[in-house]
Amino acid sequence: MRLKGKTIVGPATFKGGIHPNDMKAATCKRPIVDLPASKEMVYPLQQSLGVPAVPCVEVGDRVLMGQKIAEAGGFVSAHIHSAVSGTVTGIEPRMTVSGIKMNSIIIENDELDELCDDIKPLDWKKLSPKEIVDAVREAGVVGLGGATFPTHIKLSPPEGKKIEYLIINGAECEPYLTSDHRAMLETPEEIIEGMKIMLKVFGLKVAYIGIEINKPDAIKKIAEFAEKEKDVTIKVVKLKTKYPQGSEKHLIKAVTGKEVQSGKLPVDAGAVVDNIDTCAAIGRVFLYGAPLLKRIVTVSGDCIQTPSNFRVRIGTNVQDVIEHCGGFIKPAAKVIIGGPMMGVAISDVDIPIIKGSAGILGFSADMVAKKKVQNCLRCGKCVEGCPMNLLPNALKDAVIKEDFDKLNKLGLMDCIQCGSCTYVCPAEQTPLQYIRTGKAKLMKARQEAKK
Amino acid sequence: MATQNVNEMLIVTEAPHTRGKNTTSGIMLDVIIALIPALIAGIVVFGFRSLTLAVVCMVSAVLFEWAWCKILKKPSTVGDFSAALTGLLLALNLPVTMPYWMAVCGSLFAIIVVKQFFGGIGHNFMNPALAARAFLLTSWAQAMTTWAVPFSKTSIFSGADAVTSATPLGMIKEGMTDSLPSYMDLFLGNIGGCVGEVSAVAILIGAAYLLARRVISIRIPGAYILTVAVLAFIFGGKDGLFTGDALYHVLSGGLLLGAFFMATDYVTTPYTKKGQIIFGVGCGVLTAVIRIYGGYPEGVSYSILLMNVVSPLIERYTVPQKYGMVKVEKGGAN
């Protein structure tokens, strides 16, 4: 019932969650700036969930901007394209965000930006849903919120599953990050186009876009553009500002009131959720014929001289991006790719921006000081904060005891690893760390049981 | 800055990389701050000895904690202020005339026996201050039930020569209902009783602070007080059912202090929301039963202690329903 009404509805929310300081003021007013590519562009072959891509160029080849350089290695995989023109100088292991070396295609940028012939606008209105999905697959689009799930799979629901809700995720609940916020303000037409294309694929007439109320200007802007649409209805759902509102399951709960059943996928609840930047990327595939070559990256944190939003070509060196912000004004103790709640701390800044890199944060030593772990007070703040209604402290105890029956009963595998429990703990305990360990142990135990 | 230099300094840890502002010591300090109005009320009503008693309890509790950690070569936990809080709570639960050495025995019992024997902060299964109060009550019943008359002068050094009175609940128990203090006396603290429990208004100011700071939620104290009020109204009257004076029961004795400051102790109460309601109702039922039918005039401390013991059981049966466990509606997808 909550979705009847005018263009803007809500505010909606979910149970649990936390209220971290959003720290978005540093960058939310900073327009997206196009960043020049690095001299040497690096493309790790694993840039999406699933199996790595397979190179389709050889060392010494000249490649053009927008040219496919690696083919999807399977169904759950995505093509990779070169964001510059230049020469392939190597296919070799390079350091990546995950802290391990991974086979990567190295391209020497000739700075000519010579476009590949394939890049031309497509009229999606004349294409069948299947042709649209194929074009998205060809463009190598993946979920740009961070999970990097190949988008063409989301657009092809399994036989027999009916999609009822198309939800675009503009919650952007991670502190510091403002790339989705800026995209909504600056390129609303690309986002709306993307939504219309997806509506056609699913044969739907209504799409929802969820935006947290800490972005009133984005809500207004998207609603303005949504009202211009005559053939389809686009509803802006205001969301209460709360972490992790941008989690797929919690966005679905807030918008539809439905829960995705434990162990099932959103598609089982009849919902498809796509991130803002992903949606805009789909729009660009047809508006300009552009494969996924760029993404928006927020660079922020107390070490960064000029916190900024950049449109970065995939393959660009992280170090170069940081230098474009004026570099570090004080020694960085931690550099994070992504947001502070779920991002990955890196050991080496000489890595490339990949499809899933939503942000670069530089934190000084005062921000990451390790505090002494104290005894659990049983205050229940982790229980109250858990968006999945789990008992993080009890899970932690069960992991230590390796009590797998209890872990199953407590719903270990339901944990979405949002980190709310660790964030709120007054005793500096790290329940999530134990939960991750527990998941690995449980998987191993299950595999051994199968043998 | 060269790449090499940057990398040498980088710390790699798991997410999340940011933490909330809550700390154990901050929480304990908040509760201590919230108890200051009750302590001031105690000083105003019973004189300066209230303060010296509080100082004796707090200092001794901290010293015992420090000594225990020292002897066992464990890192000191004095800095989390939980021992200081236990000492203060103990003092507020004693009559102002309590000999200092007995109070020190109470601190010893609270910190060493109830808290440290079971593993220190977070591991005790009973509220240390309340357990110490129960211990003192069984050991020195006379001293624990000697109530100074409000605004009579109690010597700082020896409390023995104070003029004694009775608590309102004691009067009800004895049937002395003609000379009962007025609601206003109960509200402001012009009554006999423990140092911290006499002034309802002072306790409520502290409680409001804790609620505003989100240190406690209203679930336990709300359920507790409401249950006592309802049961007192139904069963507490002399002229049959539904004639009891609910407000009188709520304002008198240790109910408000216990409900807001002791029944909300994180360590010894359930952390599930439903469990907290059950805990509060359980405390309320026990308190009402002891007050109305029991041998003691007051039952707040024993009620909370008994409910402390069943907390793990309550927790086990009040596990919240996980996200994604609801049945899918008919006719919907899937």
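The rules behind the values
- Residues numbered from 1 in each chain as written.
- Chains lettered and ligands numbered in written order.
- Predicted model: local features only at pLDDT ≥ 70, side-chain atom pairs only at ≥ 80, totals over all residues.
- Helix = DSSP H or I, 4+ residues; strand = E, 2+ residues; numbered from the N terminus.
- Rg over C-alpha atoms; globule rule 2.2 N^0.38 Å.
- Buried ≥ 20, exposed ≤ 12 C-beta atoms within 10 Å, placed from the backbone.
- Contact = placed C-beta atoms within 7 Å.
- Core = buried A, V, L, I, M, F, W, Y, C linked by C-beta atoms within 7 Å.
- Domains from an automatic or database assignment.
- Nonpolar A, V, L, I, M, F, W, Y, C, P; charged D, E, K, R; others polar.
- Pairing = 2+ DSSP bridges.
- Axes fitted to C-alpha atoms, helices over the stretch in contact; angles between N-to-C directions.
- Parallel < 35°, antiparallel > 145°, perpendicular 65-115°, else oblique.
- Left-handed = near helix turned anticlockwise from the far one by under 90°.
- pLDDT = per-residue confidence, 0-100.
- Expected span 1.5 Å × (residues − 1).
- Arc of directions from axis to C-beta.

Before going further, it helps to examine the overall build of chain A. Each helix and strand counted, chain A has 13 helices and 18 strands in total. Against the globule reference of 22 Å for 451 residues, chain A gives a C-alpha radius of gyration of 22 Å, in line with a compact fold. Referenced to the eigenvectors of the C-alpha coordinate spread, the extents of chain A come out at roughly 65 × 50 × 50 Å. Taken over 451 residues, chain A has a buried fraction of 57%. Long-range pairs, those at least 24 residues apart, make up 74% of the contacts in chain A with a sequence separation of at least 6.

Turning our eyes to something else, we now look at the nonpolar core. Membership of the largest hydrophobic core comes to 148 residues, with the highest contact counts inside it found for A:Ile167, A:Val321 and A:Leu395. Here the element with the most residues in this core is helix α7 (residues 276-287) of chain A; it accounts for seven residues. Among the domains, domain 1 (1-294) and domain 2 (381-450) of chain A are the pair contributing at least three residues each to this core. Membership of the second largest hydrophobic core comes to 88 residues, among which are B:Leu39, B:Ala41, B:Val228 and B:Leu257.

Attention now moves to the interface of chain B and chain A. The interface is formed by 42 residues belonging to chain B together with 59 residues belonging to chain A. Per-element tally for the side of chain B that touches chain A: the top contributor is helix α1 (residues 3-9) of chain B, with four residues. Here the side of chain B that touches chain A is built from residues that sort into 20 nonpolar, 18 polar and four charged.

So, on to the sheet that holds strand β11 (residues 206-212) of chain A. Residue and element names in this part refer to chain A. The strand order across the open sheet built from five strands is β1-β12-β11-β10-β13, with neighbouring strands paired in parallel fashion. Each having just a single partner strand, β1 (8-12) and β13 (271-275) make up the two edges of the open sheet. Looking at each pair of strands side by side, their axes are set apart by 25 degrees on average, direction ignored. In terms of strand pairing, strand β10 (residues 165-170) meets β13 through five bridges, oriented parallel. For Ile-168, the partnering residue across the bridge sits in β13 and is Asp-274. Against the sheet, helix α5 (residues 216-228) touches β1, β10, β11 and β12 (233-239), its axis set at about 165 degrees to β12.

Okay, the environment of B:Val215 next. Residue and element names in this part refer to chain B. When you line up the elements, Val-215 lands in the loop between α10 (200-212) and α11 (219-235). The exposure class assigned to Val-215 is buried, which follows from the 21 C-beta atoms found within 10 Å. Each C-alpha atom of the pair Val-215 and Asp-30 lies 7.6 Å from the other, and the pair is 185 residues apart in sequence.

Let us look at the sheet that holds strand β8 (residues 86-95) of chain A. All names here are of chain A. Taking strand neighbours across the sheet as the criterion, the four strands line up as β3-β9-β8-β5 in an open arrangement whose pairing is antiparallel. Edge positions in the open sheet fall to β3 (40-44) and β5 (62-63), since each of these has one partner strand only. The pairing of β5 with β8 spans two bridges and is classified as antiparallel. Note on β8: the bridge partner recorded for Val-63 is Gly-86.

A few words now on the packing of α10(B) against helix α13 (residues 255-262) of chain B. All names here are of chain B. Axis separation between α10 and α13 bottoms out at 10 Å; the angle between their running directions is 15 degrees. Classified by the angle between their axes, α10 and α13 sit roughly parallel to one another. Both α10 and α13 take part in a crossing whose hand is left-handed. Here α10 contributes Ala-200, Ile-203, Leu-204, Ala-207 and Leu-210 to the contact with α13, which in turn contributes Leu-256, Leu-257 and Phe-260.

Here we take up the pairing of β8(A). All names here are of chain A. With nine bridges joining them, β8 and strand β9 (residues 101-109) adopt antiparallel strand pairing. Of the residues in β9, the one forming a bridge with Thr-87 is Glu-108. Taking the residues between adjacent antiparallel strands as the criterion, β8 and β9 are bridged by five residues, where Gly-99 takes a positive phi near 85 degrees.

All names here are of chain A. Under the domain assignment used here, chain A contains domain 1 (1-294) and domain 2 (381-450). Of note, the centres of domain 1 and domain 2, computed from C-alpha atoms alone, are 30 Å apart. If you look at the interface, domain 1 gives 12 residues, while domain 2 gives 12 residues. Looking at the side of domain 1 that touches domain 2 residue by residue, the class counts come to five nonpolar, five polar and two charged.

Here chain B shows a mean pLDDT of 90. Residues at 70 or above account for 92%. With pLDDT under 50 throughout, residues 328-334 of chain B is counted as low confidence; its partners more than four residues away or in other chains account for 11 contacts.

Residue and element names in this part refer to chain A. Over its 20 residues, helix α13 (residues 431-450) extends 28 Å from the first C-alpha to the last, a length consistent with the 28 Å expected when each residue adds 1.5 Å. The set of residues buried in α13 consists of Pro-431, Leu-432, Tyr-434, Ile-435 and Gly-438. Within α13, the buried residues cover an arc of 140 degrees as seen down the axis, which keeps them to one side. Summarising the geometry of α13, the exposed residues directed more than 90 degrees from the buried face are Ala-440, Met-443, Lys-444, Gln-447 and Glu-448. Packed against the buried residues of α13 are α9 (381-385), α10 (392-401), α11 (404-409) and α12 (420-424).

All names here are of chain B. Burial within helix α4 (residues 82-92) is extensive, with 11 of its 11 residues counted as buried. Every buried residue of α4 is listed here: Ser-82, Ala-83, Ala-84, Leu-85, Thr-86, Gly-87, Leu-88, Leu-89, Leu-90, Ala-91 and Leu-92. Those residues of α4 that are buried are in contact with α2 (24-46), α3 (49-71), α5 (100-115), α6 (128-139) and α13.

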